[in-house]
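Residue-level structure breakdown
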Amino acid sequence: MAISQDTIEQVESVSEKYKYGFVSDIKADTAPIGLSENIVRFISAKKEEPEWLLEWRLKAYRYWLEMVEPTWAKVDYPKIDFQDIYYYSAPKQKEKLKSLDEVDPEILEVYKKLGISLKEQEVLAGVEGAANIAVDAVFDSVSVATTFRKRLEEEGVIFCPISEAVKNHPDLVKKYLGSVVPYTDNFYSALNCAVFTDGSFVYIPKGVRCPMELSTYFRINAAQTGQFERTLIIADDDSYVSYLEGCTAPMRDENQLHAAVVELVIMDRAEVKYSTVQNWYPGDKDGKGGIYNFVTKRAACRGVSSKVSWTQVETGSAVTWKYPSCILQGDNSVGEFYSIAITNNYQQADTGTKMIHLGKNTSSTIISKGISAGQAQSTYRGLVRMGRKAVNARNHTVCDSLLIGDKCGAHTVPYIENQSRTATIEHEATTSKISEEQLFYCQQRGLSEEESMALIVNGFCKEVLQKLPMEFAVEAQKLVGISLEGSVG
Amino acid sequence: MLEIKNLHATVGGKKILKGINLTINPGEIHAVMGPNGAGKSTLSYVLSGRSGYDVTSGSVTYQGQNLLDMTPDVRASSGIFLAFQYPVEIPGVASATFLKTALNAQRRFRGEEELDAIQFLKLVRSKTKELGIKDDMLKRPVNVGFSGGEKKRNEVLQMALLEPTLMLLDETDSGLDIDALKVAADGVNRLRSPERSALIITHYQRLLDYIVPDFVHVLADGKIVKSGDKSLALELEEKGYADICAA
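Let me begin by describing the structure that accompanies this report.

About the thresholds
Residues numbered from 1 in each chain as written. Chains lettered and ligands numbered in written order. Predicted model: local features only at pLDDT ≥ 70, side-chain atom pairs only at ≥ 80, totals over all residues. Core = buried A, V, L, I, M, F, W, Y, C linked by C-beta atoms within 7 Å. Buried ≥ 20, exposed ≤ 12 C-beta atoms within 10 Å, placed from the backbone. Helix = DSSP H or I, 4+ residues; strand = E, 2+ residues; numbered from the N terminus. Contact = placed C-beta atoms within 7 Å. Pairing = 2+ DSSP bridges. Axes fitted to C-alpha atoms, helices over the stretch in contact; angles between N-to-C directions. Expected span 1.5 Å × (residues − 1). Arc of directions from axis to C-beta. Nonpolar A, V, L, I, M, F, W, Y, C, P; charged D, E, K, R; others polar. Parallel < 35°, antiparallel > 145°, perpendicular 65-115°, else oblique. Left-handed = near helix turned anticlockwise from the far one by under 90°.

Ranked by internal contacts, the top residues of the largest apolar core, which has 192 residues, are V202, L264, I266, V272 and V457 of chain A together with L168 of chain B. Here the element with the most residues in this core is strand β13 (residues 290–301) of chain A; it accounts for 7 residues. Not counting residues within four places of it along the chain, the set of residues in contact with I266 of chain A comprises A235, V272, A299, A300, C301, R302, G303, S306 and V308 of chain A.

Once that is clear, we can look at the environment of E48 of chain A. Looking at where E48 of chain A falls in the secondary structure, it is placed in the loop between α2 (37–46) and α3 (51–65). In sequence terms E48 of chain A and V166 of chain A are 118 residues apart; their C-alpha atoms lie 9.4 Å from each other.

This next bit is on the sheet that holds strand β6 (residues 80–83) of chain B. Residues and elements named next belong to chain B. Taken together, 6 strands build an open sheet; the order of strands is β6-β9-β10-β3-β11-β12 and the sheet is mixed. At either margin of the open sheet sits one strand with a lone partner, and together these are β6 and β12 (223–228). Recorded for the sheet is a direction-independent mean angle of 20 degrees between the axes of neighbouring strands.

Residues and elements named next belong to chain B. The end-to-end C-alpha distance of helix α7 (residues 178–191), which contains 14 residues, comes to 20 Å, matching closely the 20 Å that a straight helix rising 1.5 Å per residue would cover. Every buried residue of α7 is listed here: A180, L181, A184, A185, G187 and V188. End-on view of α7: buried residues confined to an arc of 150 degrees, all on one side of the axis. Facing away from the buried side of α7 by more than 90 degrees, the exposed set consists of I178 and D179. Elements in contact with the buried residues of α7: α4 (117–131), α6 (148–162), β9 (166–170), β10 (197–202) and α8 (206–210).

Counting residues at the interface gives 21 residues for chain A, matched by 26 residues for chain B. Of all the elements in the fold, those that place two or more residues in the side of chain A that touches chain B are α1 (5–13), α10 (436–444) and α11 (449–460) of chain A. Per-element tally for the side of chain A that touches chain B: the top contributor is α10 of chain A, with 7 residues. Across the side of chain A that touches chain B, the residue classes break down as 9 nonpolar, 7 polar and 5 charged.

A word on α11 of chain A. Residues and elements named next belong to chain A. Helix length check: α11, at 12 residues, gives a terminal C-alpha distance of 17 Å against a target of 16 Å (1.5 Å per residue), a fit within 8%. By the criterion of burial, α11 is predominantly enclosed, with 10 of the 12 residues buried. The complete set of buried residues in α11 reads E451, S452, M453, A454, L455, I456, V457, N458, G459 and F460.

Our next topic: the packing of α10 of chain A against α11 of chain A. Residue and element names in this part refer to chain A. At a minimum axis distance of 9 Å, the contact between α10 and α11 shows a crossing angle of 120 degrees. The angle between the axes of α10 and α11 places the two elements in the oblique class. Helix-helix and strand crossings are classified by hand; for α10 and α11 the assignment is right-handed. Of the residues in α11, those touching α10 at Q438, L439, C442 and Q443 are E449, S452, M453, L455 and I456. Looking at side-chain class alone, the contact of α10 with α11 contains 5 nonpolar, 3 polar and 1 charged residues.

Okay, unusual backbone geometry next. Residue and element names in this part refer to chain A. Within the chain, R269 stands out as a residue other than glycine whose phi angle is a positive 55 degrees. Within the secondary structure, R269 sits in the loop between β11 (261–266) and β12 (271–278). Since 19 C-beta atoms lie within 10 Å of it, R269 is described here as partly exposed. Residues other than glycine seldom take positive phi values, yet S317 does so here, at roughly 70 degrees. Here S317 is to be found in the loop between β14 (307–314) and β15 (319–322).

Attention shifts here to the pairing of β11 of chain A. All names here are of chain A. Counting buried positions along β11 gives 6 out of 6 residues, so the element sits mostly inside the fold. Residue alternation in β11 divides its side chains into two sets, V261, E263 and V265 and V262, L264 and I266, and both sets are buried. Strand direction decides the pairing type here: strand β8 (residues 230–235) and β11, joined by 6 bridges, are parallel. The residue bridging A235 from the neighbouring strand is I266, located in β11.

So, in structure tokens, the structure goes:
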């Protein structure tokens, strides 16, 4: 699927300013600034959590205190003062929401401004006959509205804020939370375990093909509020689900921290498609402001012939540190990673994946497209590990980088560890520059310079864009154009 | 339609065009011939607005407006089409998408309604049929893996679809076998009309057997040294450039 006319129009209509740079005025119920055991207790109490979860959070917090912030990534940013962040901020609500009509109109207004002009806007507005996309909206740490729950309930699918799952499905949460990304995993995931505020929970029962795309929108709204959301998806035997996460944040001068954790558990013959479109505020053209996006995403293919696909379109954030990974434990399990990372101006992205092959006949595919413009630095960092028992395991990796201008950089850092004699590992990498010839050719046919750029870059990303669900592919194409604005000339 | 007066242009600081004077009226086909390095391609790039081709003096008026003030895309949307000597590959972008995007960009510029996918497909299929071009070309990425002949056919198809007012053909005949040459010529001839003009740049007389020009100009060392009718092309073929240029 390539660029559409609609895309071109959209690109044209968007001004140089960050489109999502507005601040909503909703009274926040905010915890005092800084981090301590008391704050962890405050969050847990706010969420009315059971004792075991509080204990887990505290263990994570104490562990985190002993940890050191990682510095191996090729990103450069001023040291984060973790005591200068608000860890909890919930939009004030009168009482529990029974239906969408009760959602704060200002929150709905925010969605409107976001241009969630896909079907979700209608879905959120509760329009009859709106498309089959269920949206769980996370607005500054609290899930505001979960739609389509009833339709999902009929199939036995659970899709709700994780805080609610803690209350209503404690056994599932207790069994799987932290089972893929334990609190000891890394600095940011430990922090997340201690202070996560909300996120989505999905359970697809045995043999169920989820009847619609599940979708979550995250927004960071209050100033200096770190967003620490936690997503847990469990696909039971022979089930299927496609999940999309989209993100935007309003414009702020201070950098905002975002440290999410996503865990996927995939059983026998089950399949999860997880797609992300991330366009958080990247900072201005001088590199001021923007989101720090330090995310841990991991899928455990526990069952035989289970399958996971990570598809990501990363155009936002000032600094990105993200490696959606697959643990291919079940025999014949399949892991896929399709990524587009666009960096412009002073953005930095260090992103890639980890494919850990443990089971027999496991296979993985990595297709990474990195685009750098302005002064941006983009790094692909990927690990392919073949364990001793990974008989006949296969990996194929393709890393393509595209440079726009001569002040940006693209770097490819593949790590390969092979303990299996029968494994096959292939790695291809290319780096190219967008050529003046291509631009002129498009312009000579009537496209403006920026339209030409968007068209060429969309072509470069095509293999990955094709992997996105249809509704979001169009939005992603627009984003590609928008995020490269000002990179020409 | 097009009036070039005393046009001087440089490429990378080097003087290439040294005072071109040329007037093209509606409906006329002009051929520009000349030896290698005479400035033929430079002329086509200057007219289409490619960066790096700097006009140092002179003027170009197109449909009463100063052409040199327009950006390349505005020139294109105003009806100037350059058929490239070496058409450029755009990986991942299907030819059909490219064509539709270009056509709609031009229609939008002219204040016309854009075509939707179905209208576009109908239109483009009628053009491929007319020109005897296989539809599968539309699905393939622009010029990627195309043979020399296919690339030129693609240029002709684009031209047929965009229906320009002024066609610039930059050595469209180079590297073409006789069948492909006929397709290219056919494409131009189909577009011939009292309102439409063409500037055909070529080394050889051969193409002009199929696209019969009203005027033939000889370009040498950045200047038009001789002009005439179709017979001049034949004369060139017989005597070579050296004689004519020296004369």
